[in-house]
Amino acid sequence: MSRLEGLRANSSQFTLEGEPFRILGGSIHYFRVPRAYWEDRLLKMKACGLNTLTTYVPWNLHEPERGTFNFQDQLDLKAYVSLAAEMGLWVILRPGPYICAEWDLGGLPSWLLQDKGMQLRTTYPGFVDAVNLYFDKLVAVIKPLMFEEGGPIIAVQVENEYGSYAKDEKYMPFIQNCLQSRGIKELLLTSDNWEGLRYAGMEGVLKTINLQRLSFGAIQRLADMQPLKPLMVTEYWSGWFDVWGEHHHVFHAEDMIAVVSEILKRGVSINLYMFHGGTSFGFMNGAMDLGTYKPQVTSYDYDAPLSEAGDCTPKYQLLRNLLSQYHSEPLPVEPTPQKTRAYDPVAIQQHLSLWDSLHFTAKGEMILSLLVENCGRVNYGKALDDQRKGIVGDILLNHTPLTGFTIFCLDMKPGFMNRLMSSGQWKSDFKSPSIPGFFQARLYVDGPPRDTFIRLPGWGKGVVFVNGQNLGRHWCIGPQLFLYLPGTWLRSGANQIIVFEEQKVDDKILFAENLDHGRTIDVYKLPFCTLL
């Protein structure tokens, strides 16, 4: 058959190039894995017996400011998809514009909310205009990577779990048209959890389901909705995400493999979400709000088959053994494990008060200073339109509104950090450090840099930067009590570490060779997962 015939869903089984095809997929997000490690993670995917890579595309990283686009370096989507093709993997692309993903505002740029009337994920004109501009740029990048063009992308997802949101019946056809009118001709699909499947489908778009356990007859329900169509679990949740102040979620390997095995026995295609979770570096973690606001942690380990640092877990080995039964040839050899290192502790050398760093001078004697932190915008549910951050109302003193505030933006981007380093206010005396503030240390690496994990016992809550890279947030309430530091972001010799700390400080920073997730809870005991 001609290669012009891509993935088709015209019968109870997928076909690719005219031959029966089962999708054995796994999710790895390029924006959560240092670019230098993309190849290692994809090789491990191939060695596990998977044949398809799925990835979201985060709009808020690719267009961080309105009209300013970035598809370079860590965000080089073309290079990532092309690398997957070199590994012999097909690709299913999930371009949103909303992606959920436990990612700030579900991947939607926060600048959209500068419009006070904004209605996200609808055909509100301001949202439509922004999506059209973004898709003009995005499709120009991805169209040459489509199967029809000789690339590895065999399917594209239309939005994400819209059945659970469903505010505008015209919205999903609009997103479908955004793709097709720009020349995307590959198979289109949607993915929804049990609740979202109730939402009406679209002509020519395949419905798929997201789940973790085979309860409520979910797959049979999908089959009844689409007779004589292939069945697919687009998100088989291999674990779960964590929120601050609760336990680390685990999904025991034996429980996961039992369900995956049953799905495969039924002839259903599957994609493991996640196969490798990685890290929500910087300030990109999302949050839940189903009545109580709960920000998510920096680590996106997800208890996936590959750990946050890319190590093969027992879950990986069991999955590899299972999937090998669905291949006629032996699976590739697993790549050599990455070396890690527990560096010696480093001492804090200098500190800088946040208030001193602002160079603020005021007339008069009484100053009220407030620090307002965005801990992460909600990424799922009905509260998306309400995620404006900062001081969003009056500040009252004895019922009287206070005015005349001078507001400083602490974006902590490279320009901000460079100005910080040039400040003449840094102090070496550690007897009375000021909080909130910045604390500086140096790590000297002899030999090739290795992956490591930063530990901050004795510290409170804040952010860690290494050589200008924002590793993410730390918080002593857990469950995450470490920060993954990729060796590729270190260099032989001196490395600069800056901790922004809000609550309490210690005089040193520790390192560990292995991550420790602390307190755990089985996801099967989590009512929210059962509901979904």
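Residues numbered from 1 in each chain as written. Predicted model: local features only at pLDDT ≥ 70, side-chain atom pairs only at ≥ 80, totals over all residues. Heavy atoms only, no water.

(A) Quick look at the overall build of the protein chain. Across its full length, the protein chain carries 11 helices and 26 strands. Taken against the 2.2 N^0.38 rule, which gives 24 Å for 532 residues, the C-alpha radius of gyration of the protein chain at 24 Å falls within 12% of a compact globule. For the C-alpha atoms alone, the extent of the protein chain along its principal axes is close to 75 × 55 × 45 Å. The long-range fraction of contacts in the protein chain, counting pairs at least 24 apart against all pairs at least 6 apart in sequence, stands at 78%. Averaged over its 50 positive side-chain charges, the protein chain has a centre that lies 1 Å from the centre of its 57 negative ones. (Helix = DSSP H or I, 4+ residues; strand = E, 2+ residues; numbered from the N terminus. Rg over C-alpha atoms; globule rule 2.2 N^0.38 Å. Contact = heavy atoms within 4.5 Å. Lys, Arg positive; Asp, Glu negative; His and termini not counted. Charge placed at Lys NZ, Arg CZ, Asp CG, Glu CD.)

(B) View of the environment of Ser238. Mapped onto the elements of the fold, Ser238 is located in the loop between strand E10 (232-237) and strand E11 (248-250). The class for Ser238 is buried, based on a relative accessible area of 0%. Each C-alpha atom of the pair Ser238 and Val250 lies 9.0 Å from the other, and the pair is 12 residues apart in sequence. Excluding residues that lie within four positions of it along the chain, Ser238 makes contacts with Gln212, Phe251, Met256, Leu272, Tyr273, Met274, Tyr302, Asp303, Ala304, Pro305 and Lys315. (Buried < 20%, exposed > 50% of the residue type's maximum accessible area, 1.4 Å probe, protein only.)

(C) Quick peek at a nonpolar patch on the surface. A cluster of nonpolar side chains, Leu368, Leu370, Val372, Ile391, Phe405 and Ile407, forms an exposed patch at the surface whose accessible area comes to about 580 Å². Judged by relative accessible area, Leu368 falls into the partly exposed class, the value being 47%. (Patch = residues over 30% accessible without salt bridge, like charges linked within 9 Å, V, L, I, M, F, W, Y side chains within 5 Å. Areas by Shrake-Rupley, 256 points an atom, 1.4 Å probe, with all protein chains shown as cover. Salt bridge = Lys/Arg side-chain N within 4 Å of Asp/Glu carboxyl O.)

(D) Representation of the packing of helix H1 (residues 38-47) against helix H3 (residues 77-86) in the model. Look at H1 against H3: their axes get within 10 Å of each other, and the N-to-C directions meet at 35 degrees. Both H1 and H3 take part in a crossing whose hand is right-handed. For the pair H1 and H3, the contacting residues are Trp38, Glu39 and Leu42 in the first and Ala79, Tyr80, Leu83 and Ala84 in the second. Residue classes in the contact of H1 with H3 are distributed as six nonpolar, no polar and one charged. (Axes fitted to C-alpha atoms, helices over the stretch in contact; angles between N-to-C directions. Left-handed = near helix turned anticlockwise from the far one by under 90°. Nonpolar A, V, L, I, M, F, W, Y, C, P; charged D, E, K, R; others polar.)

(E) Just the pairing of strand E22 (residues 469-475), in detail. Most of E22 sits out of view: six of its seven residues are buried. Inspection of the sheet shows strand E21 (residues 461-466) paired to E22 by six bridges, in the antiparallel sense. Bridge assignment links Val466 to a residue of E22, and that residue is Gln469. Connecting E21 to the next strand, E22, in antiparallel fashion are two residues, including Asn467 with a positive phi near 50 degrees. (Pairing = 2+ DSSP bridges.)

(F) Up close: the sheet that holds strand E19 (residues 437-445). One open sheet accounts for five strands, arranged E16-E19-E24-E21-E22; its pairing is antiparallel. A single partner strand is all that each edge strand has here, and the edge strands are strand E16 (350-353) and E22. Strand-to-strand, the axes of this sheet are offset by a mean angle of 20 degrees, without reference to chain direction. By the bridge criterion, nine bridges tie E19 to strand E24 (residues 493-501) in an arrangement that is antiparallel.

(G) Seen up close, the pattern of salt bridges. Within the structure shown, the criterion is met by 21 salt bridges. For the salt bridge of Arg182 with Asp136, the shortest nitrogen-to-oxygen distance reads 2.9 Å. With Arg182 in the loop between helix H5 (171-180) and strand E8 (187-192) and Asp136 in helix H4 (residues 125-142), the pair connects residues that are 46 residues apart, well separated along the chain. With a relative accessible area of 43%, Asp136 lands in the partly exposed category.

(H) Examining the packing of aromatic side chains more closely. Overall, the coordinates contain 31 aromatic pairs when judged by the stated rule. Ring centres 6.0 Å apart and planes at 50 degrees place the aromatic pair Phe275 and Tyr316 in the tilted group. Separated by 41 residues along the polypeptide, Phe275 in strand E12 (residues 269-276) and Tyr316 in helix H8 (residues 314-323) bring together distant segments of the chain. In this pair, the class of Phe275 matches that of Tyr316, namely buried. Joined through ring pairs, the aromatic side chains of Trp59, Trp111, Phe127, Tyr134, Phe135, Tyr162, Tyr165, Tyr171, Phe174 and Tyr199 make up one cluster. Above the ring of Tyr300, the side-chain terminus of Arg32 is found at 3.7 Å from the ring centroid. Positioned above the aromatic ring of Trp194 is the side chain of Arg221, whose terminal nitrogen or guanidinium carbon lies 4.4 Å from the ring centre. (Phe/Tyr/Trp six-rings, centres within 6.5 Å; stacked < 30°, edge-to-face > 60°. Lys NZ or Arg CZ within 6 Å of the ring centre and 35° of its normal.)

(I) Focus on the nonpolar core. Counting residues in each nonpolar core, the largest one holds 134 residues, and the members touching the most others are Phe127, Tyr236, Ile454 and Ile509. Considering each element in turn, this core owes the most residues, 10 residues, to H4. Once residues within four sequence positions are removed from consideration, Tyr236 is found in contact with Leu211, Gln212, Phe251, Met256, Val259, Val260, Ile263, Ile270, Asn271, Leu272 and Tyr273. Ala9, Trp90, Phe147 and Leu189 belong to the second largest nonpolar core, which has 15 residues in total. (Core = buried A, V, L, I, M, F, W, Y, C linked by side-chain atoms within 4.5 Å.)

(J) How the structure looks around H8. Among all positions in H8, only Lys315, Tyr316, Leu319, Arg320, Leu322 and Leu323 are buried. Projected down its long axis, H8 shows its buried positions confined to an angular sector of 160 degrees, all on one face. Those residues of H8 that are buried lie in contact with strand E4 (24-28), H1, helix H7 (253-265) and E12. (Arc of directions from axis to C-beta.)

(K) Main features of the sheet that holds strand E7 (residues 153-157). Reading around the circumference, E4-E5-E6-E7-E8-E9-E10-E12 is the order of the eight strands in this closed barrel, with parallel pairing throughout. Direction aside, neighbouring strands of the sheet carry axes that sit 30 degrees apart on average. With five bridges joining them, strand E5 (residues 52-56) and strand E6 (residues 90-94) adopt parallel strand pairing. Looking at E6, one finds that Thr55 is bridged to Leu93. Strand contacts of H5: E7, E8 and strand E9 (205-211), with the helix running at about 145 degrees to E8, the strand carrying the most contacts.

(L) Focus on the side chain of Arg182. For Arg182, the side chain forms a polar contact with the side chain of Asn132, separated by 3.0 Å. Excluding residues that lie within four positions of it along the chain, Arg182 makes contacts with Asn132, Phe135, Asp136, Val139, Lys143 and Asn177. (Polar contact = N/O pair within 3.5 Å; in protein donor to acceptor, adjacent residues only side chain to side chain.)

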